[in-house]
Amino acid sequence: MKFDICVIGGCGHVGLPLAIMLAVKGKNVCIYDTNDANIAVVQSGTIPFFEEGAEPLLKQVLKEGRLHFSNKPDVVSESETAILIIGTPVDEHLNPMFRVMKKVIDDLLPYFYEGQLLILRSTVYPGLSKRINDWFCEAGKNIHLSFCPERILEGKAIEELESLPQIISSFTKEGVERSSELFSLLTKDLIVVEPMEAELAKLFTNSWRYMKFAVANQFYMMANDYHLDFYNIYHAMTHNYSRTKDFPRPGFAAGPCLFKDTMQLAAFNNNNFHLGHTAMLINEGLPNYVVSCLKKEYDLSEMKVGILGMAFKAESDDIRESLSYKLKKILEIEAGLVLCADPYVKDRSLVSEETVLQESDIIIIAAPHKRYKQLSIANKKVIDIWNILNRGGKI
Ligand SMILES: NC(=O)c1ccc[n+]([C@@H]2O[C@H](COP(=O)([O-])OP(=O)(O)OC[C@H]3O[C@@H](n4cnc5c(N)ncnc54)[C@H](O)[C@@H]3O)[C@@H](O)[C@H]2O)c1
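Here the structure is a predicted model, which means the values were calculated and not measured.

*Asks:* Honestly, the overall build of the protein chain in this entry has me stumped. Any pointers?
*Replies:* From N to C terminus, the protein chain includes 13 helices and 12 strands. In terms of overall size, the protein chain behaves like a compact globule, its C-alpha atoms giving a radius of gyration of 23 Å where 395 residues would be expected to give roughly 21 Å. Viewed in the frame of its principal axes, the protein chain has a C-alpha envelope of about 70 × 45 × 40 Å. Within the span of the protein chain, comprising 395 residues, buried residues form 53% of the whole.

Right under this line is the structure:
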């Protein structure tokens, strides 16, 4: 075989760090991706998004000749193992879009050969791994299909690929053995379960996080409605009290995974997932809550409102499903002018941080980038749900 591993979707946030790390561990890796522009960027030694510590390793494996690229699926046939990292989005009715995965598998099926190992890495709807296994069987292709979910925190993949335990599942004994051997290059802490258990473990984890953020956001709004600063209560709850150690701070909870995965779990359970749906309403409702609080105090139509931080989370350039953009949309209807800035995000509609700070009457910190801790904003209304300025979170 020309390649040990083919990473399908290998220029993405999940695929690229994994491809690099497997190449670092000595594997001959080929990235197959349909995004030519990103292939060119990665081939030149640049990571197209923020990923801590990834670029020097990318340069190293390119120099050593262990990372290859293709925009054609025939590299799948030339690889011992394929790792598929194509997501299952949810549609406008919040139902998973299986046809995305079906099309990918239909297109790739001719390139797989008897006995090949295919590892599904992106989060999938429970039971989808089995369906994919059936599609291969019906087409007369006996491959070893595994589901080994990615659990890294975007931006920390290089560190976490080696520090997190890896969940392994497969439909064959050989699939479990070969997947375990592959991931043991990264971690010795392997957990072997059945495919549907692995699918649910991933979805339960993400929904759990999403619900925890919703609890913090609900409490924040409750305190604020009673004209109390949530952070005084937060401090009282968490100071030297181990049982609330993992209580998150309130703030915009968004991004490409948590919302989508919670809704997938709801769809899986016949839409009977009250906690998940409630979490979605609370988290998605926070931008509107901020604006409605401001409207009680000010005539926003006469004011300029600035938003600092457009990424979906701190120290990130990723704007996928960012609630900062939802806030921007609401304010574009309600306010005189909306000015947005983010030092990490490339978006031509943004202005400089200085412009936001100088020209806005009200400033909303929407992503808690560490650099905002240094801001000294005087004589302006500041909304700081994360309490990054350490002045409290009251609106
Ligand atoms: N981003 C995260 O932190 C994270 C963490 C854990 C799990 N996941 C899961 O991983 C999935 C992928 O997430 P991501 O952030 O890497 O997405 P992404 O959009 O960054 O990457 C997907 C890549 O696949 C490529 N691609 C799309 N269709 C293709 C096709 N038919 N053939 C070949 N390449 C194709 C795209 O060009 C892109 O480079 C998510 O849907 C999620 O389920 C993501």
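*Asks:* What's the story with the environment of Ala 157 in this structure? I'm lost.
*Replies:* Summarising the element assignment, Ala 157 is placed in helix α6 (residues 157-163). Spatially, the C-alpha atom of Ala 157 lies 9.4 Å from that of Met 21, the residues being 136 residues apart in sequence. In contact with Ala 157, not counting residues within four places along its chain, are Pro 17, Glu 51 and Ile 152.

*Asks:* Honestly, unusual backbone geometry in this entry has me stumped. Any pointers?
*Replies:* With the exception of glycine, the majority of residues adopt a negative phi angle, and the majority of peptide bonds are in the trans configuration. Here the phi dihedral of Glu 315 falls at roughly 50°; this positive angle occurs in a residue that is not glycine. Phi at Glu 321 takes a positive value of approximately 55°, unusual for a residue other than glycine. What makes Glu 321 exposed here is its relative accessible area of 56%.

*Asks:* So what exactly am I meant to see when it comes to the packing of aromatic side chains here?
*Replies:* The relation between two aromatic rings is expressed through the spacing of the ring centres and the mutual angle of the planes. Per the stated rule, a full pass over the model turns up nine aromatic pairs. Judged by centre distance (6.0 Å) and plane angle (10°), the ring pair of Phe 219 and Phe 247 falls under stacked. One end of the pair, Phe 219, is in helix α8 (residues 195-225); the other, Phe 247, is in the loop between α9 (230-238) and α10 (258-268), with 28 residues separating them in the sequence. We classify Phe 247 as buried; its relative accessible area is 14%. For the ring pair Tyr 220 and Phe 230, a centre distance of 6.2 Å and an interplane angle of 75° mean the geometry is edge-to-face.

*Asks:* Would you explain the sheet that holds strand β9 (residues 304-308) in this entry?
*Replies:* Sheet strands associate in pairs through backbone hydrogen bonding, adopting either a parallel or an antiparallel arrangement. Taking strand neighbours across the sheet as the criterion, the four strands line up as β10-β9-β11-β12 in an open arrangement whose pairing is parallel. Each edge of the sheet is formed by a strand with only one pairing partner; in this case those strands are β10 (337-341) and β12 (381-383). Strand-to-strand twist across the sheet, computed as the mean angle between neighbouring axes with direction ignored, equals 20°. Seen against the sheet, helix α11 (residues 274-297) touches β11 (362-365) and β12 and runs at an angle of roughly 160° to β12. Lying over the sheet, helix α12 (residues 323-334) contacts β9, β10 and β11, oriented at roughly 175° with respect to β9.

*Asks:* Got a minute to help me understand the site of the ligand in this structure?
*Replies:* In the vicinity of the ligand, 23 residues are found, and the nearest of them are His 13, Val 14, Asp 33, Glu 154 and Arg 320. In the environment of the ligand, an oxygen atom lies 2.5 Å from a nitrogen or oxygen atom belonging to the side chain of Asp 33. At a separation of 3.1 Å, an oxygen atom of the ligand approaches a polar side-chain atom of Lys 260. Look at the ligand: alone it shows 830 Å² of surface, and the protein chains cover 80% of it.

*Asks:* Looking at this structure, I do not really get the side chain of Ser 169. What am I missing?
*Replies:* Mapped onto the secondary structure, Ser 169 falls in the loop between β7 (166-168) and α7 (173-183). Residue contacts for Ser 169: discarding those within four places in its chain leaves Ser 146, Phe 147, Cys 148, Val 193, Glu 194, Pro 195 and Ala 198.

*Asks:* Before we go on, may I ask you to explain the pairing of β11 in this structure?
*Replies:* Along a regular strand, successive side chains alternate from one face of the sheet to the other. The alternating pattern of β11 places Ile 362 and Ile 364 and Ile 363 and Ile 365 on opposite faces, both of which are buried. The pairing of β9 with β11 spans four bridges and is classified as parallel. When the bridges of β11 are listed, Ile 307 appears paired with Ile 364.

*Asks:* Teacher, can you tell me more about the pattern of salt bridges here?
*Replies:* If the charged atoms of two oppositely charged side chains come close together, the side chains can form a pair. Under the counting rule described, the total for this entry stands at 19 salt bridges. In this structure, the salt-bridge partner of Arg 178 is Glu 174, at a minimum N-O distance of 3.0 Å. Residue Arg 178 and its partner Glu 174 are both found in helix α7; the two are separated by four residues, about one turn of the helix. Take Glu 174: its relative accessible area is 36%, and that puts it in the partly exposed class. With its nearest N and O atoms 2.9 Å apart, the salt bridge here joins Asp 261 to Lys 260. Taking the relative accessible area as the measure of exposure, Lys 260 reaches 14% and is therefore buried. Through salt bridges with shared partners, one network takes in Glu 154, Asp 318 and Arg 320.

*Asks:* I would appreciate a short explanation of the domain arrangement of the protein chain in the present structure.
*Replies:* For interface size, the figure often reported is the accessible area lost on association. Segmenting the protein chain into domains produces domain 1 (3-193) and domain 2 (227-383). Placing a centre on the C-alpha atoms of domain 1 and another on those of domain 2 gives a separation of 32 Å. Summing both sides of the interface, domain 1 and domain 2 together bury roughly 1300 Å²; the carbon and sulfur share of this comes to 55%. Ranking the residues of domain 1 by area buried against domain 2 places Leu 94, Tyr 125 and Glu 154 at the top, with a combined share of 38%. Taken together, domain 1 and domain 2 are joined by one salt bridge. The tally of links from domain 1 across to domain 2 stands at six residue pairs in polar contact (both at pLDDT 80 or more).

Rules behind the numbers
Residues numbered from 1 in each chain as written. Predicted model: local features only at pLDDT ≥ 70, side-chain atom pairs only at ≥ 80, totals over all residues. Heavy atoms only, no water. Helix = DSSP H or I, 4+ residues; strand = E, 2+ residues; numbered from the N terminus. Rg over C-alpha atoms; globule rule 2.2 N^0.38 Å. Buried < 20%, exposed > 50% of the residue type's maximum accessible area, 1.4 Å probe, protein only. Contact = heavy atoms within 4.5 Å. Phe/Tyr/Trp six-rings, centres within 6.5 Å; stacked < 30°, edge-to-face > 60°. Pairing = 2+ DSSP bridges. Axes fitted to C-alpha atoms, helices over the stretch in contact; angles between N-to-C directions. Near = heavy atom within 4 Å. Polar contact = N/O pair within 3.5 Å; in protein donor to acceptor, adjacent residues only side chain to side chain. Areas by Shrake-Rupley, 256 points an atom, 1.4 Å probe, with all protein chains shown as cover. Salt bridge = Lys/Arg side-chain N within 4 Å of Asp/Glu carboxyl O. Domains from an automatic or database assignment. Buried area = accessible area lost by both parts, 1.4 Å probe.

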